[in-house]
Amino acid sequence: MSLAIISPGKNPEVWIKEFRALAHDLSIEVYPEITEPEKVEYVFLWQHPQGILSDFPNLKLISSMGAGVDHILRDKSIPSSIPIVRIVDEKLTFSMTNYVVMAVLNFHRQSARYQMNQTRKIWDMSMPELDVTIGVMGVGALGKDVMDKLNYMGFPVVGFGFSEKPEFEYPYYTKDKLDEFLKQVNVLVCLLPLTPDTENILNSSLFEKCNPNTYLINVARGKHLVEDDLIKALDDGHLSGAMLDVYREEPLPKDHPFWENWKITMTPHIASVTNPQAAAPQVIENIKRIKENRELINVVNRTRGY
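Given the structure is predicted, the values throughout are model-derived calculations rather than measurements.

Okay, the overall build of the chain next. The helix and strand tally for the chain stands at nine helices and twelve strands. Against the compact-globule benchmark of 19 Å for 306 residues, the chain has a radius of gyration of 21 Å, which places it among compact chains. Considering only C-alpha atoms, the chain reaches an extent of 65 × 45 × 30 Å along its principal axes. Taken across its 306 residues, the chain has 49% of its residues classed as buried. Relative to all contacts within the chain whose residues are 6 or more apart in sequence, the contacts with residues 24 or more apart total 60%. Accessible surface, the chain as shown: approximately 15,900 Å² in total, 51% of it carbon and sulfur. In the chain, 32 side chains carry a positive charge and 40 a negative one; their mean positions are 2 Å apart.

See below:
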């Protein structure tokens, strides 16, 4: 039996080191040089070529390299009988929350305005802070932590999601009350999982319902955002700006209009990066559980998409 690492474009060496330190007898193969596909029982992957898992007739476990699993679920060739698991890491939450807090504070304290004033040598002390209410779309482990930290800092927070949460401690709206949710906020944070219900959710129809000059922060998935609609919303004043960490195509093409738009702040998908030292033990633990026919940890619900 062996573990196959499939992560095109990513250096697998740090993962190999961590796996071998935890499981000396585990055979590891790395895509595309997998010599014995029939011996592969476990795969650890990120953005795998669609359909390639059919090459492994004895596959028993699929593990995502991160918290997201949309890259796996869109592969319709995967049998429903094979369990899919993901990584759950407190450091992922820590990093993501810090990124969102940074983005909120940049808007609240108008960093872009002051940077622009500096280039123009303008001394303007008017309105040094903006009043903000933050709406978080997606209130799972990441979204809830974001809300907790912002609430602790004194910011009003409001949640939105696709499932009922009767005991949720903050104001919360479900999908049938999206319009009402949008009217409560002027900072919109997208932390939704990518599912058929949420793909392209950040579009002109939604932006037009936002309060004028709402600020957008997208740290979820690039496919949540209709990119042309964002540019239009910025031009029309529905949005005042955006901070983006994810894109429909990564790396972002050099001719993409986002590069030249001063209202958009970009980072290269670094808001929250999987830590191999925290993730590898979870993968090895699930391999042990497969062997012992025990319940797996961090199992993905395919119906819900996370």
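Attention now moves to the nonpolar core. Counting residues in hydrophobic clusters, the biggest one holds 30 residues, and the most contacted among them are M137, F181, L188, L202, L206 and L230. Listing elements by their share of this core, those giving two or more residues are β7 (157-161), α6 (178-182), β9 (187-190), α7 (204-209), α8 (227-236) and β11 (239-244). Once you skip the residues sitting within four places of it in the chain, L230 turns out to touch F207, L216, L225, L239, A242, L244, F258 and I264.

At their nearest, the axes of helix α3 (residues 90-108) and helix α5 (residues 141-152) sit 9 Å apart, and the two run at 50 degrees to each other. With respect to their mutual orientation, α3 and α5 come out oblique. Where α3 crosses over α5, the handedness of that crossing is right-handed. Residues L92, T93, M96, T97, V100, V101 and V104 of α3 pack against A141, L142, D145, V146, K149 and L150 of α5. Here the residues of the contact of α3 with α5 are counted per class, giving nine nonpolar, two polar and two charged.

The subject of this paragraph is the packing of aromatic side chains. Inspection of the entire model under this criterion finds nine aromatic pairs. Between F168 and Y170, the ring centres sit 6.0 Å apart and the planes meet at 70 degrees, which makes this aromatic pair edge-to-face. By relative accessible area, which is 18% here, F168 ends up buried. For Y170, a relative accessible area of 10% gives the class buried. Taken together, F160, F162, Y173 and F181 form an aromatic cluster joined through their ring pairs.

Conventions used here
- Residues numbered from 1 in each chain as written.
- Predicted model: local features only at pLDDT ≥ 70, side-chain atom pairs only at ≥ 80, totals over all residues.
- Heavy atoms only, no water.
- Helix = DSSP H or I, 4+ residues; strand = E, 2+ residues; numbered from the N terminus.
- Rg over C-alpha atoms; globule rule 2.2 N^0.38 Å.
- Buried < 20%, exposed > 50% of the residue type's maximum accessible area, 1.4 Å probe, protein only.
- Contact = heavy atoms within 4.5 Å.
- Areas by Shrake-Rupley, 256 points an atom, 1.4 Å probe, with all protein chains shown as cover.
- Lys, Arg positive; Asp, Glu negative; His and termini not counted.
- Charge placed at Lys NZ, Arg CZ, Asp CG, Glu CD.
- Core = buried A, V, L, I, M, F, W, Y, C linked by side-chain atoms within 4.5 Å.
- Axes fitted to C-alpha atoms, helices over the stretch in contact; angles between N-to-C directions.
- Parallel < 35°, antiparallel > 145°, perpendicular 65-115°, else oblique.
- Left-handed = near helix turned anticlockwise from the far one by under 90°.
- Nonpolar A, V, L, I, M, F, W, Y, C, P; charged D, E, K, R; others polar.
- Phe/Tyr/Trp six-rings, centres within 6.5 Å; stacked < 30°, edge-to-face > 60°.

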